[in-house]
Amino acid sequence: MRRWNGWGDDAVIYSLPASAALYIERFLGKSQKPKDVNLDQAVTYVPKARLPIHPLVSTDPLTRLLHTRGQSFPDWVELRSGQIHSFPDGVAYPMSNDDVVNLIRFAYQSGIQIIPYGGGTSVVGHINPINSKVPILTIDMSRMNRLINLDSGSFLATFGAGITGPDLEAQLRAHGFTLGHFPQSFEYSTLGGWVATRSSGQQSLRYGRIEKLFAGGRVETPLGELVLPDFPASAAGPDLREIILGSEGRLGILTEACIRISPLPELEEFHAVFFPDFEHGVEAVKQILSTGLSLCMLRLSTANETSTTLALAGHENLIGAMERLLAIRGLGDGKCMLLFGFSGLSNLVRKNRSETMNITGKYGGIHVGKSFGGQWHKNRFRTPYIRNTLWDMGYGVDTLETATDWGNTPRMVEQIESALRDTMSSIGERVHIFTHLSHVYLSGSSIYTTYLFKLVEDPDENVVRWQAMKSAASLAIISTGGTISHQHGVGLDHLPYLSAEKGKLGIEAITSLFRQFDPKGMMNPGKLVY
Ligand SMILES: Cc1cc2nc3c(=O)[nH]c(=O)nc-3n(C[C@H](O)[C@H](O)[C@H](O)COP(=O)(O)OP(=O)(O)OC[C@H]3O[C@@H](n4cnc5c(N)ncnc54)[C@H](O)[C@@H]3O)c2cc1C
């Protein structure tokens, strides 16, 4: 069963080897888990619903509790401590387009606010109800999850927007296709959520971000239906798909999405190379990209992330032996790991692999084979479960992400990390920080920073500390010339920083666009823009 106050299936436990736990303690000191409320207690905190009766709407307290928060750090603190500040008044599970129209009409006529809900995996507060005088209805799209049409000749598939990653891939796989969109939240996140947040999958280097994969669909808005045709290309004025991408539920509900699919790859493989330092790794990645070689992923870790990854992996003897071999070849503490993968026809994979290895070799990279890359691929959706384990050990963990051009990348990494470190050191606390470049482009890179810190017993203090770090890092991002989000979206947590990159006129344009479809401001208010 899905955990109600943590990540993932409660049958899956991410056990940390003793050496890994010691490694964390060495950086942060020993810690203790704050007290959690249990599910039965938490349900009693759900207030009376304020909704008129509707046949499609449930006001059951447990269902409302399960839809009240996503996966951000403050979401976890609220759920774990039981100090939950707001709840939806009801939850509906539409089964058809007509149901969605019916619900939007009901909400429009009764003065109700709507929160479209996909998998609830948002890490920036997208699906959280904001305390309001009017009732709030969460519309959970999970039952609109069918394959509606497969046009294999045109490599297009249309799905109900509530379909999750595993279901979507399983249905496509049965016909010999893949979407190739694998965000780390793949297990629970949905097609509609990906589109509404401009999501990026781990193999976007080969398949593209969701912007490229989203071909068209149907959107139900308070003022009617918007149909987005799936032309291969069009010069017919501005592309209306762009107003749905990243709209975060503010102008309507995507009910069906047509996506661009690819044949299943004949061969897929993942490798690891270690470089003497981050600079050599960055130069190698840029060189690989500039040649136009076809890879499905490239992920470069800083020295700190490399050593953390090796320490947390366990297998001390094996990794120790590998580190000794790398040391003999001159790679010491500053070494940085590059994970990279190929996907496609076998002969092309082999060709691209050999050219890629030539380049990494020129920059001092040492190839350690396929097992490290293979392990990454195998465990990539298991990794987020470490959050549960760390919480139980008394540590909070959060991530930050941005993108900037190559000239700015090393400085950005440094600025984000020092903003986090300085914030915690000003209160005498430590934070363990590590970073990787997760999605790379010819013009620049995304930057993905993870930070671990000790939890304290007081939930408010945990949020105050997190907020101080988040604000300092967000200000560092915008003042160093990065976007406030490369993939997680804006929601509540990034909203204060959006105007820095959109400008006053830009924010006004976005706001009036939403008003055009939603004149009463009933769709997910308070997210993305005020
Ligand atoms: C462990 C973990 C790993 C993650 N890894 C990644 C990653 O690798 N890449 C990445 O991009 N993100 C990642 N995320 C963030 C998150 O998974 C994405 O933002 C994802 O796209 C959200 O999808 P969802 O279906 O869960 O949407 P939800 O969280 O339910 O909703 C997100 C937003 O989309 C809107 N929405 C949802 N469905 C619809 C619809 N049908 N119509 C209109 N609006 C809708 C909601 O109103 C809300 O504003 C991760 C999150 C977690 C917890």
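Here, every reference points to the structure presented above.
Remember, it's a predicted structure, so these values are computed and weren't measured experimentally.

Looking at the nonpolar core
In step 1: One finds L298, Y451 and F453 to be the most contacted residues of the largest nonpolar core, which totals 57 residues.
In step 2: In terms of residue count, the dominant contributor to this core is helix α11 (residues 278-291) (six residues).
In step 3: Counting residues in each nonpolar core, the second largest holds 36 residues, with F177, L179, I259 and L528 among its members.

Considering the pattern of salt bridges
In step 1: In the structure shown here, the tally under the stated rule is 22 salt bridges.
In step 2: Between D36 and K33 there is a salt bridge whose closest N-O contact spans 3.2 Å.
In step 3: A relative accessible area of 27% places D36 in the partly exposed class.
In step 4: Across the pair R198 and E211 runs a salt bridge whose closest N-O atoms are separated by 3.4 Å. Placement of R198 in the loop between α7 (191-197) and α8 (204-207) and of E211 in helix α9 (residues 210-213) is noted, with a sequence separation of 13 residues between them.
In step 5: When salt bridges that share partners are traced, they join K33, D36, R80 and D392 into one network.

Some remarks on the sheet that holds strand β1 (residues 57-58)
In step 1: Pairing in this open sheet of four strands is mixed, and the strands run β1-β2-β4-β3 from one edge to the other. One side of each edge strand has no neighbouring strand; the edge strands of this open sheet are β1 and β3 (113-117).
In step 2: Alignment of strand β2 (residues 90-92) against strand β4 (residues 136-140), held across three bridges, turns out to be parallel. Residue A92 lies in a different strand from β4, and its bridge partner there is I139.

Some remarks on the site of the ligand
In step 1: In the region of the ligand, 35 residues are neighbours, and P116, G118, T121, S185 and T190 sit closest.
In step 2: G193 is positioned with one of its backbone polar atoms (N or O) 3.4 Å from an oxygen atom of the ligand.
In step 3: One nitrogen or oxygen atom from the side chain of N524 is found 3.3 Å from an oxygen atom belonging to the ligand.
In step 4: Protein chains shield 97% of the accessible area of the ligand, which is 970 Å² for the free molecule.
In step 5: For the shell around the ligand, the element with the most residues is α7, which contributes five residues.

Reading guide: rules and limits
Residues numbered from 1 in each chain as written. Predicted model: local features only at pLDDT ≥ 70, side-chain atom pairs only at ≥ 80, totals over all residues. Heavy atoms only, no water. Core = buried A, V, L, I, M, F, W, Y, C linked by side-chain atoms within 4.5 Å. Buried < 20%, exposed > 50% of the residue type's maximum accessible area, 1.4 Å probe, protein only. Helix = DSSP H or I, 4+ residues; strand = E, 2+ residues; numbered from the N terminus. Salt bridge = Lys/Arg side-chain N within 4 Å of Asp/Glu carboxyl O. Pairing = 2+ DSSP bridges. Near = heavy atom within 4 Å. Polar contact = N/O pair within 3.5 Å; in protein donor to acceptor, adjacent residues only side chain to side chain. Areas by Shrake-Rupley, 256 points an atom, 1.4 Å probe, with all protein chains shown as cover.

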